[in-house]
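Report on the structure
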Amino acid sequence: MGWQQYASKILIDEQTLQKRVAELGAEISRDYAGKNLLLVCVLKGGVVFLTDLMRQITVPHRIDFMAISSYGTGARESTGVVRILMDLSSDIQGQDVLIVEDIIDTGHTLEYILRLLRARGPASLKVCCLLDKSERRQANIEVDYLGFSIPDEFVFGYGLDVDELYREVPVIAVLDPRYYDQTVS
Ligand code: PRP
């Protein structure tokens with residue numbers, strides 16, 4: 001039993017994920033040499049990606065967290081309604097801020113976060129996102145560091161939840177359509 005019963009297939013396996021995260025870490029390490037890098041993790045989905053990514057970044061950096069809600073528990077799609085649940089703990093003025101997100105879908109969440117953080121005067125502001133469902137984009141957002149482009153399917157694992165469960169799954173799995181309108185346990 002476990003998460004496998006809810007998955008119709010594995011979209012990205014553990015080895016492929018880890019390899020891509022290492023590549024992103026190397027690229028970020030090159031680009032941010034000598035800068036004041038601050039990784040801003042968007043909770044909760046971004047947390048697994050952040051902890052793997054930061055261990056692949058070889059330049060000194062700080063981390064901070066913010067929590068935003070865009071889906072609402074039980075919803076299977078972004079509503080476009082963005083709410084700030086928890087703000088950063090420090091001032092980002094003069095910092096080279098890199099937002100770390102698990103997935104960009106409509107783009108409303110990132111659009112909101114970028115607008116909010118830009119107003120606080122960072123030295124630079126960029127986005128590192130593991131997954132991109134580009135077919136679904138509504139907001140005009142550019143991702144500077146992207147892990148994978150994925151099709152428009154409900155995915156979970158590696159930080160992404162199904163009804164707040166299974167974020168610990170080490171792969172990106174596709175939710176079986178049978179569970180689109182059923183709560184999992
Ligand atoms: C997810 C994801 C992004 C957002 C993307 O968060 O982590 O923040 O949705 O969707 P969008 O591009 O359509 O705005 P969610 O609200 O599910 O919260 P979570 O990270 O706590 O699971």
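Structure shown above.
Worth saying up front: this structure is predicted, and the values here are computed from it rather than measured.

Quick look at the overall build of the protein now. Along its length, the protein carries three helices and nine strands. Written out in order from the N terminus, the α and β elements of the protein read β-α-β-α-β-β-β-α-β-β-β-β. For 185 residues, the compact-globule estimate of 2.2 N^0.38 gives 16 Å, and the C-alpha radius of gyration of the protein, at 16 Å, lies within 12% of that figure. Taken over the C-alpha atoms alone, the protein extends approximately 50 × 35 × 30 Å along its principal axes. Counting the 185 residues in the protein, one finds 49% classified as buried. Counting only contacts in the protein whose residues sit at least 6 apart along the sequence, the fraction spanning at least 24 positions is 66%. Summed over its atoms, the accessible surface of the protein is roughly 9100 Å², and 48% of this surface lies on carbon and sulfur atoms.

Our next topic: the sheet that holds strand β8 (residues 155-156). By way of backbone hydrogen bonds, the strands of a sheet pair with one another, either parallel or antiparallel. Pairing is antiparallel in the open sheet, where three strands are placed in the order β1-β9-β8. Edge strands, defined here as strands with exactly one partner in the open sheet, are β1 (7-12) and β8. With four bridges joining them, β1 and strand β9 (residues 172-175) adopt antiparallel strand pairing. The partner of Lys 9 across the bridge, within β9, is Val 174.

Another aspect to go through is helix α3 (residues 108-118). Restricting attention to buried positions, one finds in α3 the residues Thr 109, Leu 110, Ile 113, Leu 114 and Leu 117. All buried residues of α3 lie within an arc of 125 degrees about the axis, which places them on one face of the element. As for α3, its buried residues are in contact with β2 (37-43), β3 (61-69), β5 (96-104) and β6 (124-132).

Attention shifts here to the site of the ligand. What surrounds the ligand is a group of 17 residues, the closest being Glu 101, Asp 102, Thr 106, Gly 107 and Thr 109. In the model, an oxygen atom of the ligand is placed 2.9 Å from a nitrogen or oxygen of the Lys 44 main chain. The separation between an oxygen atom of the ligand and a polar main-chain atom of Asp 105 is 2.8 Å. Compared with its free state, where it exposes 500 Å², the ligand has 92% of that area covered by protein. Among the elements of the structure, β5 and α3 are those that each provide at least two residues to the shell around the ligand. The dominant element in the shell around the ligand, judged by the number of residues it contributes, is β5, at four residues. Per-class residue counts for the shell around the ligand are four nonpolar, seven polar and six charged.

Once that is clear, we can look at the nonpolar core. Counting residues in each nonpolar core, the largest one holds 28 residues, and the members touching the most others are Ile 28, Phe 49, Leu 53, Leu 130, Leu 131 and Ile 172. When residues of this core are traced back to their parent elements, those giving at least two are α1 (14-31), β2, α2 (47-54), β5, β6, β7 (145-149) and β9. Broken down by element, the residue count for this core peaks at four residues, all from α1. With 20 residues, the next largest nonpolar core counts Ile 68, Val 97, Ile 113 and Leu 114 among its residues.

As a further point, take the pairing of β5. Burial runs high along β5: nine of the nine residues are buried. The pairing of β2 with β5 spans five bridges and is classified as parallel. If you follow Val 40 over to β5, its bridge partner there is Ile 99. By the bridge criterion, eight bridges tie β5 to β6 in an arrangement that is parallel. What sits directly across from Glu 101, in β6, is Cys 129. Note that the unit made of β5, α3 and β6 has a crossover that is right-handed.

Cut-off values and rules
Residues numbered from 1 in each chain as written. Predicted model: local features only at pLDDT ≥ 70, side-chain atom pairs only at ≥ 80, totals over all residues. Heavy atoms only, no water. Helix = DSSP H or I, 4+ residues; strand = E, 2+ residues; numbered from the N terminus. Rg over C-alpha atoms; globule rule 2.2 N^0.38 Å. Buried < 20%, exposed > 50% of the residue type's maximum accessible area, 1.4 Å probe, protein only. Contact = heavy atoms within 4.5 Å. Areas by Shrake-Rupley, 256 points an atom, 1.4 Å probe, with all protein chains shown as cover. Pairing = 2+ DSSP bridges. Arc of directions from axis to C-beta. Near = heavy atom within 4 Å. Polar contact = N/O pair within 3.5 Å; in protein donor to acceptor, adjacent residues only side chain to side chain. Nonpolar A, V, L, I, M, F, W, Y, C, P; charged D, E, K, R; others polar. Core = buried A, V, L, I, M, F, W, Y, C linked by side-chain atoms within 4.5 Å. Right-handed = clockwise from strand over helix to strand, strands pointing away.

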